[in-house]
Amino acid sequence: MAASVRTRIAPAPSGSIHVGNARTALYNWLFARGQGGVFVLRVEDTDQSRVSEESYQAVLEDMRWLGLAWDEGPEAGGEFGPYRQSLRSDRYDAAALSLVDAGHAYRCYCTPAELAERRKAARGSQAAPGYDGRCRDLTERQRSAFDAEGRSWSLRFRVPEGRTITFDDVIRGTIATPTSQIPDFVIKRSDGSPTYMLAAGIDDALMAITHIIRGEDLIAATPRQLLLREAMAIEDVPVFAHLPLLVQPDGKPLSKRWGDVSVGAYRKGGFLPEAMVNYLALLGWSYDDRTNIFTVDELIDRFSLERVARNPAAFDVAKLEWVNGHYIRSKSPAALAADLELVCVEAGLPAGTVEGRRILTAVAPLLAERMKRLTEAPPMLRFLFGRAAPDDKAAAVLAGQGSYLTAVAERLEAIEKWTAPAIEESLRGLAAERGLKPKHAFQPIRAAVTGTLVSPPLFESLEILGRTETIERLREAPTA
RNA sequence: GGCCCGGUAGUCUAGUUGGCCGAGGACGCCGCCCUCUCAAGGCGGAGAUCACGGGUUCGAAUCCCGUCCGGGCUACCA
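Attention in this report is confined to the structure presented alongside it. Here the residue numbers are simple positions, counted from 1 along each chain's written sequence. Naming scheme: in the order in which they are written, chains are lettered from A and ligands are numbered from 1. Given that this is a predicted model, residues contribute local features only at a pLDDT of at least 70 and side-chain atom pairs are listed and counted only at 80 or more, while totals for whole chains, interfaces and linings are drawn from all residues. No hydrogens and no water enter the side-chain calculation; it runs on all heavy atoms of the structure.

Details of the environment of Asp236
- Mapped onto the fold, Asp236 is located in the loop between helix H7 (222–231) and strand E9 (239–243).
- We classify Asp236 as exposed; its relative accessible area is 62%.
- For the pair formed by Asp236 and Thr210, sequence separation is 26 residues and the distance between their alpha carbons is 8.5 Å. Secondary structure elements are defined from DSSP: runs of H or I of at least 4 residues count as helices, runs of E of at least 2 residues count as strands, and each element is numbered from the N terminus. Type-normalised accessible area, obtained with a 1.4 Å probe on protein chains alone, sets the label of each residue: buried when under 20%, exposed when over 50%, and partly exposed for intermediate values.

Quick look at the structure:
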């Protein structure tokens, strides 16, 4: 039994979570849960310029919606807090200080503008990755001179020369990087704030994270954070697992121009959290060669880092919709009605009442099997919340049907019990008497009652609508 | 440019100890059935020179080499 697995998701609070981060969060969560470990939520808000309380809340809200409960983090607490980097600057300062004292970091007086210029100049040449190490060995006198000039400084990590940093990635195997490829990187900005490299590296160590599961884009950051740990004499080395990127169907990186990239957008778009979780789990991971639908417990039980794919995965909305449809159909009428109430109210339908709930619960099973997204419901059940003029196609079908609809109304008035089977029996009887094919017998009724040619099953719809309302609509339908 | 990671049908993938793969499943697509519309469901179908070229082997998607293509990193962003 693995004693104490600890994983973490460390989102920047810049609004609703990106689906790629949501997947990373999910994998971390699944792994921790499956190992009986702890899942930590840490907010990386070191870049003060782009955080707001609102977007911070949006992140927590998305996590809750997805059902990814964190054991430690904001609001949950924990012995390794605080869990917002903006509240942990004392730790970063202390680490930076000791790094400088030990000679592992030094002041760099180069300004961003100078760096940009030198980088530009070095572009064409052979080697030259990043910083050229100009301030690496400044003398005390030179430093004083810069200070006298009033130049501000940042702190850079002194990357040791001539070594190769190696680590084993659970998903990709061994990855080795010669330190010649790693320039002296900034760990503390001139405004005193820590960079991601320092803050994340320290926090992962301080929070005793045992498994770092993150995006492939961070694989280049790994040797640097390993170097940082070594310089701070941190013995424990976490297990690394770098997930493949999420891309668009055309293979390009996910961008807003292509479509929705935030969890919030899918939530508003009528997707169920369980569908989102199931689909995201499948984006880059598989259990076997045939299983597509998993309950959360099954995912927790079966998920493993070893079975995560290595190649980028394209986000396919069509498949997400299929998964979503599956979960919509598996919901109980009452539960689905609760979801429908939200989207109906959002769509302006007066569904938020006791009567509204009764209606929604009744149509829920009917709608379930023809929805891929909850947002498709309002147009299909609008007729249950009020009359509307028929659309063009319905109007065309209604033309000249006045006497037939009147006959239908009379039949329905004579029914003893207002139930779908009774309605069906009655209307089929009438159709048979008139020699009408079912389609020709029923479409005019559908048009008259719902105002459209596409609706939930007719007889059930009429039952839910009620006898009085049904008959009135039949008699008052515009058939001219 | 340098370093790193990838490359099985439109998409997600199975295949990881070479033969059971003349490549399996799912979404999507096409057709049929069911049927009061739309769906759902059932059945069937098209779709992959396993990026390309060499090599090793009786035999390679699976091993080796090279090439090409895509992506990531190369920031006082994370």
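Next comes the rest of the write-up.
A few points about unusual backbone geometry
- In this structure, Pro82 follows Gly81 across a cis peptide bond, with omega equal to -5°.
- With respect to the element layout, Pro82 can be found in the loop between helix H2 (53–66) and helix H3 (89–101).
- Although it is not a glycine, Glu75 adopts a positive phi angle of roughly 70°.
- Tracing the backbone through its elements, the reader meets Glu75 in the loop between H2 and H3.
- Backbone geometry at Ala233 places phi at a positive 60°, although glycine is not the residue there.
- Looking at where Ala233 falls in the secondary structure, it is placed in the loop between H7 and E9.

What to know about the packing of aromatic side chains
- Two aromatic rings from Phe, Tyr or Trp, using only the six-membered ring of Trp, form a pair when their centres are within 6.5 Å; if the ring planes differ by under 30 degrees the pair is stacked, by over 60 it is edge-to-face, and anything between is tilted. Evaluation of the coordinates by the stated rule reveals twelve aromatic pairs.
- Centre to centre, the rings of Tyr109 and Phe146 are 4.9 Å apart; their planes meet at 25°, and the pair counts as stacked. You can see Tyr109 sitting in the loop between strand E3 (105–108) and helix H4 (112–122) and its partner Phe146 sitting in helix H5 (residues 140–149), a full 37 residues away along the chain.
- The exposure class assigned to Tyr109 is buried, which follows from its relative accessible area of 1%.
- An aromatic cluster is defined as three or more aromatic residues linked by ring pairs; in this entry it consists of Tyr27, Trp285, Tyr287, Phe294 and Phe303.
- Note on geometry: a ring has a charge over it if NZ (lysine) or CZ (arginine) is within 6 Å of the ring centre and within 35 degrees of the ring normal. It is Arg107 that lies over the ring of Trp153; its NZ or CZ is 4.2 Å from the centre.

A few points about the pattern of salt bridges
- Salt bridges are counted wherever a side-chain nitrogen of Lys or Arg sits within 4 Å of a carboxyl oxygen of Asp or Glu. Following the criterion strictly, the structure yields 35 salt bridges and no others.
- Two residues, Glu75 and Arg64, come together in a salt bridge whose shortest N-O distance is 3.0 Å. Here Glu75, found in the loop between H2 and H3, pairs with Arg64, found in helix H2; they are eleven residues apart in sequence, far enough to count as distant.

Looking at the protein's contact with RNA strand B
- As a matter of local geometry, RNA strand B sits amid 64 residues, with Arg172, Arg189, Glu369, Arg370 and Arg428 nearest to it.
- One of the side-chain N or O atoms of Arg156 is found 3.1 Å from a phosphate oxygen in RNA strand B.
- For this analysis, a polar contact is any N or O atom pair within 3.5 Å, provided that within protein one partner can donate a hydrogen and the other can accept it, and provided that sequence-adjacent residues contribute only side-chain to side-chain pairs. Here a base oxygen of RNA strand B and a side-chain polar atom of Arg446 are 2.8 Å apart.
- Secondary structure elements with two or more residues in the surface near RNA strand B: H4, strand E4 (154–157), helix H6 (196–206), strand E11 (313–314), helix H11 (317–329), helix H18 (438–450) and helix H19 (458–465).
- With five residues, H18 is the single largest residue contributor to the surface near RNA strand B.
- Partitioning the surface near RNA strand B into residue classes produces 28 nonpolar, 14 polar and 22 charged. By convention in this text, a residue qualifies as near a molecule or strand provided that one of its non-hydrogen atoms is within 4 Å of it. In this classification, the charged set is Asp, Glu, Lys and Arg, the nonpolar set is Ala, Val, Leu, Ile, Met, Phe, Trp, Tyr, Cys and Pro, and all remaining amino acids, among them Gly, are polar.

Overview of the nonpolar core
- In terms of nonpolar packing, the biggest core is built from 55 residues, with Leu340, Leu381, Leu412 and Ile445 touching the most fellow members.
- The element contributing the most residues to this core is helix H13 (residues 354–368), with seven residues.
- We call two residues contacting when some pair of their heavy atoms lies within 4.5 Å. Those residues in contact with Leu381 that sit more than four places away from it in its chain are Cys344, Leu349, Leu360, Val363 and Leu367. For our purposes a nonpolar core is just a set of buried Ala, Val, Leu, Ile, Met, Phe, Trp, Tyr and Cys residues, chained together by side-chain atoms within 4.5 Å.

Overview of the layout of surface pockets
- In this analysis the probe radius is 1.4 Å and the grid spacing 1 Å, with only protein atoms considered; a cavity is a set of points the probe fits into but cannot get out of, a pocket is an open set with protein on both sides within 12 Å along at least five of seven lines, and lining residues have an atom within 4 Å of a point. Grid points are joined across faces, edges and corners, and a volume is the space filled by probe spheres set on the points. There is about 1,000 Å³ of room inside the largest pocket.
- Looking at the lining of the largest pocket, the elements with two or more residues in it are strand E1 (6–9), helix H1 (19–34), H6, strand E8 (211–215) and strand E10 (246–247).
- Per-element accounting of the lining of the largest pocket gives the leading share, five residues, to H1.
- For the lining of the largest pocket, the class distribution of residues is 18 nonpolar, eleven polar and ten charged.

Things to note about the pairing of E9
- Across the five residues that make up E9, a large majority, four, are buried.
- Here, a strand pair is defined by DSSP locating no fewer than two bridges between the strands. Sheet analysis places E8 next to E9, joined by five bridges and oriented parallel. The residue of E9 that forms the bridge with His211 is Val239.
- Orient the strands so they point away from the viewer; a crossover is then right-handed if the path from the first strand over the helix to the second runs clockwise. In the classification by handedness, the crossover that spans E8, the intervening H7 and the parallel E9 is right-handed.

Topic: the packing of H18 against H19
- The angle between two axes is taken between their N-to-C directions and runs from 0 to 180 degrees, where each axis is a line fitted to C-alpha atoms and a helix contributes only its stretch in contact. Relative to each other, H18 and H19 sit at 35°, their axes nearing to 11 Å. The handedness of the crossing between H18 and H19 is left-handed. Mapping the contact onto sequence places Phe442, Ile445, Arg446 and Val449 in H18 and Leu458, Phe459, Leu462 and Leu465 in H19.
- Tallied by class, the residues present in the contact of H18 with H19 amount to seven nonpolar, no polar and one charged. Handedness of a crossing follows from how the near helix is turned relative to the far one, being left-handed for an anticlockwise turn of less than a right angle and right-handed for a clockwise one.

Looking at the environment of Leu405
- Considering the arrangement of structural elements, one finds Leu405 in helix H16 (residues 402–414).
- Here Leu405 falls in the buried class, since its relative accessible area comes to 0%.

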